[in-house]
Amino acid sequence: MDCKNTIIDFCNSIGIDTLGFIRCRVFEELRPYLLERKLDKLENEFEEKDVEKRVNPFLYMKEGKTIISIAFPYSYDDIISSEEGFSKYTWGSDYHKVVSKYLEQICNFINSIGGRAIYFVDNNALPERYIAKLSGIGFIGKNNMLITQKYGSYVFLGEIITDLYFEEDKALENGCGDCNICAKQCPTKAVSSSHSNICLSYITQKKHIEDFWFSKLNGRLFGCDSCQRLCPYNESVIKSNINLFKPNDYMINPNLLELVYIDNKNFNAKYKLTSCGWRGKAILQRNALIYLMSKKVENIDFRKINSPYVMDYYNRLLNYFKL
Ligand code: SF4
């Protein structure tokens, strides 16, 4: 059965217009690279260590025939993120929840036409950008982001594996050409070195960071948009039609002292609901503290810091910045 247009029409009816289809298969071509990365001990703390889980979609659905890759735009208005603060993708509601709701609807639709389907949004180890590229919804830029024609790189990705067979789409050509803006903008040269473990977005999310990162974060609270902000493909993107991605004011203009002292109740009512909430309160408190102490802000009351983990960073920062 090839009812691809039925799926596309259904997605369009719920406001989703960027999706592509590929054959469900083992991505053998990625195995050597992933094994080499493992041998060189380059895997970071968020990476799945079992290479099989990263290349084999049949581990998730034995009868899988097709993988559908879907992009969800999140740039909701014209505000351009700065170097400081939260990355643009975290400003609205938690994408894990928002995207799951859409994918669930699509899976239910596939069920209604007689297929089985399961969905993923960051909760499996398959190579989502690579799958998106193969399915033709964008190309992978030099900054390693998936870049779509309509929404630039400001998209979240979700995947569906189904036991229905659909005709495969074609991958797009890489569109970077001679452009090198992202490599020049990258503060740690992670883009040009292809060394993802020095990407500042990763550093802001790591549980333990070495002291020398304190002066390099430069006000970043979670994530880093340096390789995206000036990408020509992000210049005049179509805005997201997903209202839940409307930015929260407290994410665009964070109150840093409030964040350093924040208790569970306030964290759960605000930051926990955003796309960086999964990482927990202490990481955001720590990053806000690094921001303030790197700028030599003096009115920090250490007695209000409610976490031994954050207090440890406070002492290290005192020493590092000679405060
Ligand atoms: Fe490609 Fe230029 Fe965008 Fe980098 S900034 S991803 S090189 S188009």
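Residues numbered from 1 in each chain as written. Predicted model: local features only at pLDDT ≥ 70, side-chain atom pairs only at ≥ 80, totals over all residues. Heavy atoms only, no water.

> Can you explain the state of the cysteines? Please cite residues and give values.
Tallied over the entire structure, the rule returns zero disulfides. In this model Cys 24 remains outside any disulfide bridge; the closest cysteine sulfur is found in Cys 107, 13 Å from its own. Take Cys 107: it sits in no disulfide, and the sulfur closest to it among the cysteines is that of Cys 11, at 9.9 Å. We classify Cys 107 as buried; its relative accessible area is 4%. (Disulfide = S-S within 2.5 Å. Buried < 20%, exposed > 50% of the residue type's maximum accessible area, 1.4 Å probe, protein only.)

> Give me the side chain of Ser 153: which residues, what numbers.
Within the secondary structure layout, Ser 153 lies in the loop between strand 6 (146-147) and strand 7 (155-162). Take Ser 153: its relative accessible area is 2%, and that puts it in the buried class. When near neighbours in sequence (up to four residues on either side) are disregarded, Ser 153 contacts Tyr 74, Met 145, Leu 146, Ile 147, Gln 228 and Asn 234. (Helix = DSSP H or I, 4+ residues; strand = E, 2+ residues; numbered from the N terminus. Contact = heavy atoms within 4.5 Å.)

> Can you explain the packing of aromatic side chains? Please cite residues and give values.
Evaluation of the coordinates by the stated rule reveals 23 aromatic pairs. Measuring from centroid to centroid gives 5.3 Å for Tyr 60 and Phe 120, while their planes differ by 75 degrees, and the two rings are edge-to-face. Of this pair, Tyr 60 sits in the loop between helix 3 (51-55) and strand 2 (66-73) while Phe 120 is found in strand 4 (residues 117-120), placing the two residues 60 residues apart along the sequence. Relative to Tyr 102, the ring of Phe 72 lies with its centre 5.6 Å away and its plane at 50 degrees, an arrangement referred to as tilted. Of this pair, Phe 72 sits in strand 2 while Tyr 102 is found in helix 4 (residues 95-112), placing the two residues 30 residues apart along the sequence. (Phe/Tyr/Trp six-rings, centres within 6.5 Å; stacked < 30°, edge-to-face > 60°.)

> Give a detailed account of the domain arrangement of the chain, specifying residues and quantitative values.
Here the chain is described as being made up of domain 1 (3-162) and domain 2 (188-223 + 255-320). Residue-level contacts link 21 residues of domain 1 with 25 residues of domain 2. Note on domain 1 versus domain 2: buried area summed over both sides is about 1800 Å², and carbon and sulfur give 51% of it. When residues of domain 1 are sorted by the area they lose upon contact with domain 2, Phe 46, Glu 84 and Phe 86 head the list and together hold 31% of the total. Our enumeration of links across domain 1 and domain 2 arrives at three salt bridges. Between Glu 83 and Arg 220 there is a salt bridge, and its shortest N-O distance comes to 3.4 Å. When contributions to the side of domain 1 that touches domain 2 are tallied by element, the ones reaching two or more residues are strand 3 (85-86) and helix 4. (Domains from an automatic or database assignment. Buried area = accessible area lost by both parts, 1.4 Å probe. Salt bridge = Lys/Arg side-chain N within 4 Å of Asp/Glu carboxyl O.)

> With reference to specific residues and values, describe the packing of helix 13 (residues 281-294) against helix 14 (residues 308-320).
The contact between helix 13 and helix 14 brings their axes to 9 Å, and the two run at 20 degrees. Classed by the angle they form, the pair helix 13 and helix 14 counts as roughly parallel. You can see that helix 13 and helix 14 cross each other, and the crossing is right-handed. Contact residues: Ala 282, Ile 283, Gln 285, Arg 286, Leu 289, Ile 290 and Met 293 in helix 13; Tyr 309, Val 310, Tyr 313, Tyr 314, Leu 317 and Leu 318 in helix 14. Among the residues forming the contact of helix 13 with helix 14, the class breakdown is eleven nonpolar, one polar and one charged. (Axes fitted to C-alpha atoms, helices over the stretch in contact; angles between N-to-C directions. Parallel < 35°, antiparallel > 145°, perpendicular 65-115°, else oblique. Left-handed = near helix turned anticlockwise from the far one by under 90°. Nonpolar A, V, L, I, M, F, W, Y, C, P; charged D, E, K, R; others polar.)

> Which residues make up empty space enclosed by the protein, and what values do they have?
Here the structure, examined in full by the defined rule, presents two cavities of 30 Å³ or more. Here the largest cavity defines a volume of roughly 50 Å³. Here the residues of the lining of the largest cavity are counted per class, giving seven nonpolar, two polar and one charged. In this model, the second largest cavity occupies a volume close to 40 Å³. Around the second largest cavity, the lining residues are Ser 81, Ser 82, Glu 83, Glu 84, Gly 85, Phe 86, Ser 87, Arg 220, Gly 223, Cys 224 and Asp 225. A breakdown of the residues in the lining of the second largest cavity according to their chemical character gives two nonpolar, five polar and four charged. (1 Å grid on protein atoms, 1.4 Å probe; cavity = no way out; pocket = protein on both sides within 12 Å on 5 of 7 lines; lining within 4 Å. Points joined across faces, edges and corners; volume = space filled by probe spheres on them.)

> Break down the layout of surface pockets for me, with residues and values.
Space inside the second largest pocket adds up to approximately 200 Å³. Around the second largest pocket, the lining is made up of 14 residues, and of these Ile 80, Tyr 154, Arg 229, Asn 234 and Glu 235 lie nearest the centre. Class assignment for the residues of the lining of the second largest pocket results in six nonpolar, two polar and six charged.

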